[in-house]
Amino acid sequence: MSDEETFRHELRVWLESNFDADTRDAVRSSDEDEQFEAHRRWNAILVDAGYGAVAWPKQYGGRDAGILEQLAYTEEMAMSGAPGPINAIGVANIAPAIMAYGTDEQKDRFLKPILRGDEIWSQGMSEPDAGSDLASLSCRAIRDGDDFIINGQKTWNSNGHRAQWCQLYVRTDVDAPKHKGITTLLVDLTLPGIEARPVVSMAGDVGFSELFFSDARVPVSSLLGELNEGWGVATNTLSHERAGVASLYLMVRKTYDDLVTEAGESRPDGTRALDDAVVRDSLMKSYARVRNLEFLAKRMLGATIAGNTPGAEASVIKLAWSQTSQSLGTLAVDILGMAALDGRWARGMLGSR
């Protein structure tokens, strides 16, 4: 049995013993706050068992898992319905950047709380007038003695309303070329002059926030990496997705499987949506899209394992995931009718937009 197969078997057995019905119900609670705290408790169980951040180096609490083990982890967690780390962005992106660029003091201070979920992190990249074009950011930080004074705005911060910390990208040299003059700061969001405003989506969710900085003073010790070298930190941060692309096609596949199941259930008049040839045709076309997304992701993972550096593949996969999710949301309403205009399918259709 290969290392990957051994790891997969051990994880599957562990999940069967630890992700019980009570935990499953708690993390799926309809109350957002209760669900979040239940997820945090589950995160601690994962960490104690060594499954909190399998890709991390062992010295920081990980397992030094290779890409195949990471893929096995993602697939087994998805199959069981168990959520991964509560600090998803912190574990997958921000912590690896701290490992690569942080001082010893920063590593000691931040890595363990990120892993255990004791402190929630968000990522301050996107801005209202720049979108995801990091090079066009305008949020400013000016050095003043032992502090940086920050003014500006960020948006689309995942978990921004819950986060205590933010990996913030600011412009510290307005005269430098677009990709230069950017600096990365590890910012305590409880400091004066910082306000997080939740963004309520049309699906009614509060998954994102806007961050506003008004003469916020942040100590120079919060600098991650070198001054004006934030572009390199950002590139490093976003390169740590690795096997994370697997979670995209797994989420879509789970949604598709659930839709097929509901389409096969009897309606009040005794008929089934799945008995309609047009419905079956639509579902098969959707199945092809879902599988193509999986093959695209695994092709990129295969190239990575072979030692090649992925190029635009990750962006193409993210786009394909978004488009497939939207088409599935619309298809669910087309197939299930009025029954899909409330609950998970309605939220899915709206949220995918």
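Below: a short report on this structure.

Analysis parameters
- Starting afresh in each chain, residues are numbered from 1 along the sequence in its written order.
- pLDDT decides what is reported in this predicted model: residues at 70 or higher carry local features, side-chain atom pairs at 80 or more are listed and counted, and totals for whole chains, interfaces and linings draw on all residues regardless.
- Only heavy atoms go into the side-chain values, all of them from the structure, while hydrogens and water stay out.
- Runs of E in the DSSP output that reach at least two residues are strands. Runs of H or I that reach at least four are helices, and both are numbered from the N terminus.
- In what follows, a contact means two residues having at least one pair of non-hydrogen atoms within 4.5 Å.
- The criterion is simple. A nonpolar core is a set of buried Ala, Val, Leu, Ile, Met, Phe, Trp, Tyr and Cys residues joined through side-chain atoms within 4.5 Å.
- Exposure classes here rest on a 1.4 Å probe applied to the protein chains alone. A residue is buried below 20% of its type maximum, exposed above 50%, and partly exposed in between.
- Every axis corresponds to a line fitted to the C-alpha atoms, with the helix fit spanning only the stretch in contact, and the corresponding angles, defined between N-to-C directions, vary from 0 to 180 degrees.
- Each angle is binned into one of four classes, with values under 35 degrees roughly parallel, values over 145 roughly antiparallel, values of 65 to 115 roughly perpendicular, and all other values oblique.
- Classification convention: Asp, Glu, Lys, Arg as charged; Ala, Val, Leu, Ile, Met, Phe, Trp, Tyr, Cys, Pro as nonpolar; all other residues, Gly among them, as polar.
- For two strands to count as paired, DSSP must find a minimum of two bridges between them.
- Residue count minus one, scaled by 1.5 Å, sets the expected span of a helix.
- Side-chain rings of Phe, Tyr and Trp (the six-membered ring for Trp) are treated as a pair once their centres are within 6.5 Å; stacked means planes under 30 degrees apart, edge-to-face means over 60, and tilted covers the remaining angles.
- Here, a charge over a ring is recorded when the distance from Lys NZ or Arg CZ to the ring centre is within 6 Å and its angle to the ring normal is within 35 degrees.

**Looking at the environment of leucine 223**
Here comes step 1: Mapped onto the elements, leucine 223 comes out in the loop between β7 (208-219) and α7 (230-238).
Here comes step 2: The spacing of leucine 223 and arginine 171 is 52 residues in sequence and 13 Å in space, taken between C-alpha atoms.
Here comes step 3: When near neighbours in sequence (up to four residues on either side) are disregarded, leucine 223 contacts Gln106, Thr183, Thr184 and Leu185.

**Observations concerning the nonpolar core**
Here comes step 1: Residues Tyr249, Leu259, Leu283, Ile317 and Ile335 are the most contacted members of the largest nonpolar core, which totals 28 residues.
Here comes step 2: Those elements that provide at least two residues to this core are α4 (67-80), α8 (245-263), α9 (277-305) and α10 (313-336).
Here comes step 3: Element by element, the count of residues in this core is highest for α8, at 9 residues.
Here comes step 4: Once residues within four sequence positions are removed from consideration, isoleucine 317 is found in contact with Val245, Leu248, Leu293, Leu296, Ala297 and Met300.
Here comes step 5: Listed in part, the 24 residues of the second largest apolar core include Ala95, Leu115, Trp121 and Met125.

**Brief notes about the packing of α4 against α9**
Here comes step 1: Two numbers describe how α4 lies on α9: the axes approach to 10 Å, and their chain directions differ by 150°. Comparing their axes, α9 and α4 come out roughly antiparallel. For the pair α4 and α9, contact is made by Ile67, Leu68, Leu71 and Glu75 and by Lys298, Leu301, Thr304 and Ile305, respectively.
Here comes step 2: Classifying every residue of the contact of α4 with α9 gives 5 nonpolar, 1 polar and 2 charged.

**Here's the deal with the pairing of strand β5 (residues 182-188)**
Here comes step 1: In terms of burial, β5 is largely enclosed, as 7 of its 7 residues are buried.
Here comes step 2: Side chains of β5 alternate between two faces, with Ile182, Thr184, Leu186 and Asp188 and Thr183, Leu185 and Val187 buried alike.
Here comes step 3: Where strand β4 (residues 165-171) lies against β5, 7 bridges are found, and the strand directions are antiparallel. Bridged to cysteine 166 within β5 is valine 187.

**Let's talk about the pairing of strand β1 (residues 121-124)**
Successive side chains on a regular strand alternate, one facing one side of the sheet and the next facing the other.
Here comes step 1: Alternating residues of β1 divide into Trp121 and Gln123 and Ser122 and Gly124, and every residue in both groups is buried.
Here comes step 2: Two elements, β1 and β4, share 4 bridges in a ladder whose sense is parallel. Its bridge partner lying in β4, glycine 124 is registered against leucine 168.

**Details of α4**
Here comes step 1: A rise of 1.5 Å per residue sets the reference length of α4, with its 14 residues, at 20 Å; its end C-alpha atoms lie 20 Å apart and thus fit the reference within 8%.
Here comes step 2: For α4, the complete set of buried residues consists of Ile67, Glu69, Gln70, Leu71, Ala72, Tyr73, Thr74, Glu75, Glu76, Met77 and Ser80.
Here comes step 3: The inward-facing, buried residues of α4 contact α1 (3-18), α2 (21-27), α3 (32-48), α8 and α9.
Here comes step 4: Note on α4: the residue one or two positions beyond its end, glycine 81, has a positive phi of about 85°.

**Topic: the environment of glycine 193**
Here comes step 1: Mapped onto the elements, glycine 193 comes out in the loop between β5 and β6 (194-199).
Here comes step 2: Taking C-alpha positions, glycine 193 is 7.9 Å from phenylalanine 212, a pair spaced 19 residues apart along the chain.
Here comes step 3: What glycine 193 contacts, discounting residues up to four positions off in sequence, is Phe212, Phe213, Ser214 and Ala216.

**Some words on the environment of valine 279**
Here comes step 1: Mapped onto the fold, valine 279 is located in helix α9.
Here comes step 2: The spacing of valine 279 and aspartate 334 is 55 residues in sequence and 8.8 Å in space, taken between C-alpha atoms.
Here comes step 3: Leave out the neighbours within four places in its chain, and valine 279 touches Ala273, Leu274 and Ile335.

**Quick word on the packing of aromatic side chains**
Here comes step 1: The tally for this structure, following the rule as stated, stands at 9 aromatic pairs.
Here comes step 2: Seen from their ring centres, tryptophan 121 and tryptophan 165 are 5.7 Å apart, and the 20° between their planes marks the pair as stacked. Of this pair, tryptophan 121 sits in strand β1 while tryptophan 165 is found in strand β4, placing the two residues 44 residues apart along the sequence. Like tryptophan 121, the residue tryptophan 165 is buried in the burial classification.
Here comes step 3: Ring pairing ties together the aromatic residues Phe7, Trp14, Phe19, Trp42 and Tyr51, which thus form one cluster.
Here comes step 4: Sitting over the ring of phenylalanine 36, arginine 162 keeps its end group 4.2 Å from the ring centre.

**Brief notes about unusual backbone geometry**
Here comes step 1: Unlike most non-glycine residues, asparagine 159 shows phi in positive territory, near 60°.
Here comes step 2: Within the secondary structure layout, asparagine 159 lies in the loop between β3 (147-158) and β4.
Here comes step 3: Owing to a relative accessible area of 25%, asparagine 159 belongs among the partly exposed residues under this scheme.

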